[in-house]
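Examining the three-dimensional arrangement
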Amino acid sequence: MLIRNARVMTCDPSRPGLGIVEHASIAIDNSRIVAIGDVTATGDVIDAKGALVTPGLIDCHTHAAFAGDRANEFAMRAAGESYEAVAAAGGGINATLGPTRAAIADGSIDSILHDRLVALRAAGTTTCEVKTGYALTTEGELALLDAIVRSRAPLRRIPTLLAHLVPPERTADRAAFVAEICEQWIPRAHAATSVDVWCEQSAFTLDETVAICDSATRAGKRVRGHVGQLHDIGGADVLARFRALSVDHLELVSSAGIAALARAGTVAVMLPGACVQLRLPVPPIAELRAAGVPLAIATDLNPGSSYCESLAVQMWLATTHFQMTIEEAWLGVTRHAARALGLEATHVGMLAPGAPAELVIWTTDSPIDVCYRYGTSLVGRVLTP
């Protein structure tokens, strides 16, 4: 295949900035890019007609494996209720456990997840991390992992085992529940590429986070964490000690925590949809940037705080509400997002010889437009092997 007459945004670190190549062609063979520039090839030809061609987008933080919705909570927050007040009234993550467990039991979780992943791809996403975390039983979490792996949705899926919180029925034996995560969930979660833990006052303590991360590390899995969303209890420092792939949210994080992340080479994943919807403080972008912490952007697709399949919408929020630059936004959903998933060695998230042929042809020639025109999709065509 040859894609010709394109404005190619490579996101290749060997090129300056976003690595834009003007008036270029992309030659593809055996689902891999073989050349970019003034090239020719035999086979199918796509005329991009001067449009922007970019790597397929990477959504490095989603909770797509859930059933039901929490629209009632959205209305409560619109009326001024806080996330914690909604949870105390019986809402929050616990409200999604029942519908998700039922969908696992009757098998409908497969079609629910499929439709959600197809919607993500239609918005330009070709690689998607999918977390468990809405069953919170050993068999339920493993079933969610199985559903993620066996999905036939046409995009790459990165399965993550998530220790989300202690469910209501286990609060009386909290230590036993954490032990179950460490001794049952993690050793049996063969399909999970990493283990995530929500380190928060209402979820897992620092000591519990250490135990879960230690178990994951001993099982040969990388770790990541939900950190500093509602309170800063020191999670960034803990995750950095384990050289976490990413820490996500970071609305509240200390300077010491940021320095620890920089030393560890951990990616900070920004989730502006959840931040705006929950009316939380903006993460300290300037301090993270100055420290050299790589910034990624994700949808945080979930039923409670960010029911959104579009990374372009998150890029708009990142460049307006978070005051990230256009370049940071694009690298945040391509190269840096790949690093947050441990995929940088595969060249996912960039267009370069040897990289997989996963790309988006947009209906504009401007990278700015994708962030700027958030009210409509500018995705023209999504190509994957």
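These numbers come from a predicted model, not from an experiment.

For the rest of this paragraph, the subject is the overall build of the chain. Assigned secondary structure in the chain consists of 15 helices and 15 strands. Its C-alpha radius of gyration of 20 Å places the chain within 12% of the 21 Å reference for a compact globule of 385 residues. Expressed as a percentage of contacts within the chain between residues at least 6 apart in sequence, the contacts between residues at least 24 apart total 71%. Working note: accessible area of the chain is about 14,400 Å², and carbon and sulfur atoms make up 52% of it. Taken together, the 31 basic and 40 acidic charged side chains of the chain have centroids lying 4 Å from each other.

Applying the stated criterion to the full structure yields five aromatic pairs. Relative to Tyr307, the ring of Phe66 has its centre 5.5 Å away and its plane inclined at 75 degrees; by these criteria the two rings are edge-to-face. Highlighted residues: Phe66 in the loop between strand 6 (57-59) and helix 1 (71-78) and Tyr307 in the loop between strand 13 (295-297) and helix 12 (311-320), separated in sequence by 241 residues. Look at Phe66 and you get buried, because its relative accessible area is 0%.

With that settled, the discussion passes to the packing of helix 4 (residues 109-122) against helix 5 (residues 138-150). Two elements in contact, helix 4 and helix 5, have axes whose closest approach is 10 Å; the angle formed by their N-to-C orientations is 50 degrees. Relative to helix 5, the element helix 4 is oriented oblique. In this structure, the crossing between helix 4 and helix 5 has a hand that is right-handed. Between helix 4, through Ile109, Asp110 and Leu113, and helix 5, the contact on the second element is made entirely by Leu144, Ala147, Ile148 and Arg150. By residue class, the composition of the contact of helix 4 with helix 5 is five nonpolar, no polar and two charged.

Conventions we followed
All residue numbers here refer to positions counted from 1 along the written sequence of the relevant chain. Under the rules for a predicted model, residues below a pLDDT of 70 receive no local features and side-chain atom pairs below 80 are neither given nor counted, while totals for whole chains, interfaces and linings still include all residues. For the side-chain quantities, the full set of heavy atoms in the structure was used; hydrogens and water were omitted. We count a stretch as a helix when DSSP gives it H or I for four or more residues in a row; a strand needs E for two or more, and each element gets its number in order from the N terminus. For the radius of gyration, the atom set is restricted to C-alpha positions; the globular benchmark scales as 2.2 Å times the number of residues to the power 0.38. Contacts were defined at the residue level, with two residues in contact if any of their heavy atoms lie within 4.5 Å. Accessible surface is estimated by sampling points in the Shrake-Rupley manner with a 1.4 Å probe; for residues, cover comes only from the protein chains shown. Residues counted as positive are Lys and Arg, residues counted as negative are Asp and Glu, and His and the chain ends are not counted. By convention, charge coordinates are those of NZ in Lys, CZ in Arg, CG in Asp, or CD in Glu. Working definition: a ring pair exists when centres of Phe, Tyr or Trp rings (six-membered ring for Trp) sit within 6.5 Å. Plane angles under 30 degrees give stacked, over 60 give edge-to-face, the rest tilted. Each residue's exposure class comes from its accessible area (1.4 Å probe, protein chains only) as a fraction of the maximum for that residue type: buried when under 20%, exposed when over 50%, partly exposed otherwise. Axis definition: a line fitted to C-alpha atoms, over the contacting stretch in the case of helices. Angles run 0 to 180 degrees between N-to-C directions. Between 65 and 115 degrees an angle is taken as roughly perpendicular, under 35 as roughly parallel, over 145 as roughly antiparallel, and anywhere else as oblique. When the near helix sits turned anticlockwise from the far one by under a right angle, the crossing is termed left-handed; a clockwise turn instead gives a right-handed crossing. Three categories are distinguished: nonpolar for Ala, Val, Leu, Ile, Met, Phe, Trp, Tyr, Cys and Pro, charged for Asp, Glu, Lys and Arg, and polar for the others, with Gly belonging to the last.

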